[in-house]
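Spelled out from the first residue to the last, the chains are:
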2 protein chains.
Amino acid sequence: MSLVGALLFGQSGGPSSVINASACGVFETASNIECITAVYGASHGIKGILNEQLYDISKEDSQEIALLRNTPSSALGSVRYKLKNYQQDSTDYEKILQVFTKYNIRYFLYNGGNDSMDTCNKISKFLAERNYACQIIGVPKTIDNDLFGTDHCPGYGSAAKYIATTCMEIALDAKVYGSGTATVIEIMGRNAGWLTAASYVASSVGLGPDLIYLPERAFDVEKFLIDCEKVYAQKGNVIVAISEGIKDKDGVYITEYATKNASKDSFNHVQLGGVGNYLGALLKVRLNAKTRPIEFSLMQRCAAHIASKTDVDEAYGAGKEAVISAIEGKTDIMIGIKRLNKEGYSTKFIDIPLVDVANYEKKMPDAYICGDNYVSPAFLDYVLPLIEGQNPVLYINGVPRFANLKKILVKK
Amino acid sequence: MSLVGALLFGQSGGPSSVINASACGVFETASNIECITAVYGASHGIKGILNEQLYDISKEDSQEIALLRNTPSSALGSVRYKLKNYQQDSTDYEKILQVFTKYNIRYFLYNGGNDSMDTCNKISKFLAERNYACQIIGVPKTIDNDLFGTDHCPGYGSAAKYIATTCMEIALDAKVYGSGTATVIEIMGRNAGWLTAASYVASSVGLGPDLIYLPERAFDVEKFLIDCEKVYAQKGNVIVAISEGIKDKDGVYITEYATKNASKDSFNHVQLGGVGNYLGALLKVRLNAKTRPIEFSLMQRCAAHIASKTDVDEAYGAGKEAVISAIEGKTDIMIGIKRLNKEGYSTKFIDIPLVDVANYEKKMPDAYICGDNYVSPAFLDYVLPLIEGQNPVLYINGVPRFANLKKILVKK
């Protein structure tokens, strides 16, 4: 029998175009289930739980909830906050237990990447030790596509579609004068090359980078310059895609060559950015060509106007599946996506133990990488279904109409 | 009676999302007119005439010509080449006359901005002096929207739509952690603020820059930092849009503060870029906040996937109108757009003498500017109709299917 109580949903980590589509799936599904007595949204994820700032989702207009499907970023607010191990310091955990008890939260769904799954896993273990019954389900999210156990992650397809399309448009623009230009496109991805590899979709139709550098291969600056010289000598132009996370053979981020004292975020990740500018400057000198570094910056993760319909539908589906799984009594799992080996593209949702997901990064397999500076055609079979379809967007006055939630806090 | 002979069309200057829509309008119209004996496209504009590299448009598939409507950049190739005054050096002009005579070119249509209209005007005068009958019509094009005599320019609406939409998406992303971030968005526009002002569309729906700096107002770095401090103190975040062309009270580009020896292009324009990085770095120190400079770079002028339908239709219409005007015996004019003072948005094409357009830049009027760091609501009446409508795009395998011309050269 299902637990009777409230459902709490939170959003965590870096934004994507489809995080809110998962929220839409959670809210629309949960609001029709009898044993769920209330639906809450945590303001800024785990921080909203610790600060007891919970939104009452029943107060929202259903039309605005529906618009979440097309609205980028995290409508409830996101957070980057790392819980300590409760064996060392249980302060946060005691507070979480207190809030869960007070609001009778029996279903906790958390949307995020591997750090967030680690958070879920820790809370789950602590609550179990304290005999507090609560179904805890992770909803996968990351544009990086580096989560363990799932064929791919909601968020990736839309970012990949943006990257592929934008590379095509840039290729047409950058070559408009015939010759004499070098373009260095910097794409996100700390340790995995999935996003940068999406630029290969553009290359496969003749409008993409000539060279693609992934963090899975050691990067050598001099070799890079020689690679570029060769292409430039042959074609008169060169377009390069590089992952922000490229590292040399000793594992040093190329970015650190430029910025010696790289700052770090609260997860001890080095703050990246600027490697395109750095390499662009070196390339300009080497080629004596007009060189333009381009950073896809936030746009690659928030360009909901060109979201993949497949991705949005799967993000929505993962939210819905998380609610259903929780009601069925599942806990301590993340919803994963398994690709079925049938004709065409089809998938089913699977359960992945949280402990397997937490803090593990899935890299690009060798089969998808060509040498040390390109992507292999096999990658197309993987990625093309994920960017398929255009998610419909409502436009008002020429710009998208995004969801506008009231975000009414539950009285403490 | 109309002249009987070939029509030559060329593309010039920086790319936009709708240059090829004008080409589509020219080609589809010209191919059905009896007195036009052949339709040629100049490879890389004026350079293709001087080098006698003309494409035979009759060899192209009509489906590919139709796809030009949705294909960014310049399918025939563009050029930045400034003709000397023929009184000083007529070499280029003699070559042009020779090529025009050889191919019996009686209609010359040239698509570009004010530099290109200057080129048209010079050629027109020279051919008239030599008694070579040729109808010369300029087709307007520039994302900068700075052409004289026309309400707006094809290319602007699509760039404005990209800027407005992307600012909205970025605002949702940049504020996802609640507070503690500063975002500096750098937008194109050498001397006119039209493009940067488009970010105000996002502000008008609560998802845009807090401060907008246009080249029409003198920029003071210290004042900028204080402006940002005030917003940051009040809201916990600040988003700023700045034109790449902002200058101090003495007319010095702020960019030059950072790069002392700014290079210049062949039109003697200072090569811009990087002012966002420069101000972002200053702001980071002042606010002690996570500061992200974002440059819209080439994307703002080539993101055809989010082109304005109004803009694409008008660009097509301007190309069509240019052919019709030429056949009617008009010459030495640029096709302009006049907004009619009726209910709703309607326009008609008008003739603007080339000599009036050449080398004059139309700035933002005072009525559209608010103080020294914002845009006024009156601007919305101007800009909203221009970004209205979503131009339909054909997608194959999840990415746009852009036109792929054969580009078969006419035998010399």
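All of the points below concern the structure found in this document. (Residues numbered from 1 in each chain as written. Chains lettered and ligands numbered in written order. Predicted model: local features only at pLDDT ≥ 70, side-chain atom pairs only at ≥ 80, totals over all residues. Heavy atoms only, no water.)

So, about the interface of chain A and chain B. Accessible area lost during the coming together of the parts is what is often quoted as the interface size. The partner chain B presents 56 residues to the 56 residues of chain A that form the contact. The junction of chain A with chain B conceals about 4400 Å² of combined surface from both sides, 61% of it contributed by carbon and sulfur atoms. Among the residues of chain A in contact with chain B, Glu 169, Asp 173 and Tyr 177 of chain A are the three that bury the most area, contributing 16% of the side total. Across the contact surface, chain A and chain B share 2 salt bridges. Here Arg 301 of chain B and Asp 173 of chain A are joined by a salt bridge, their closest N and O atoms 2.7 Å apart. Linking chain A with chain B are 20 residue pairs in polar contact (both at pLDDT 80 or more). Within the residue set of the side of chain A that touches chain B, elements represented by two or more residues are α6 (156–174), β9 (290–295), α12 (299–302) and β15 (399–400) of chain A. (Contact = heavy atoms within 4.5 Å. Buried area = accessible area lost by both parts, 1.4 Å probe. Salt bridge = Lys/Arg side-chain N within 4 Å of Asp/Glu carboxyl O. Polar contact = N/O pair within 3.5 Å; in protein donor to acceptor, adjacent residues only side chain to side chain. Helix = DSSP H or I, 4+ residues; strand = E, 2+ residues; numbered from the N terminus.)

Here we take up the relation of the copies chain A and chain B. Here chain A sits on chain B after a turn of 180 degrees about the axis and a move of 0.0 Å along it, with an RMSD of 0.0 Å. The superposition operator between the copies reduces to a two-fold rotation axis. Closest to the rotation axis within chain A is the C-alpha of Glu 295 of chain A, separated from it by 3.8 Å. (Least-squares fit on C-alpha atoms with pLDDT ≥ 70 in both.)

Once that is clear, we can look at the environment of Asp 118 of chain A. Turning to its location among the elements, Asp 118 of chain A is positioned in helix α5 (residues 114–129). Separated by 263 residues in sequence, Asp 118 of chain A and Asp 381 of chain A have C-alpha atoms that sit 31 Å apart.

The next point concerns the side chain of Asn 20 of chain B. All names here are of chain B. Residue position: Asn 20 is located in helix α1 (residues 19–30). The exposure class of Asn 20 is buried, given its relative accessible area of 0%. A polar contact of 2.9 Å, which involves the side chain of Asn 20, links it to the backbone oxygen of Thr 71. A distance of 2.8 Å separates a polar side-chain atom of Asn 20 from the backbone oxygen of Ser 73. Leave out the neighbours within four places in its chain, and Asn 20 touches Gln 11, Leu 68, Arg 69, Thr 71, Pro 72, Ser 73, Ser 74 and Ala 75. (Buried < 20%, exposed > 50% of the residue type's maximum accessible area, 1.4 Å probe, protein only.)

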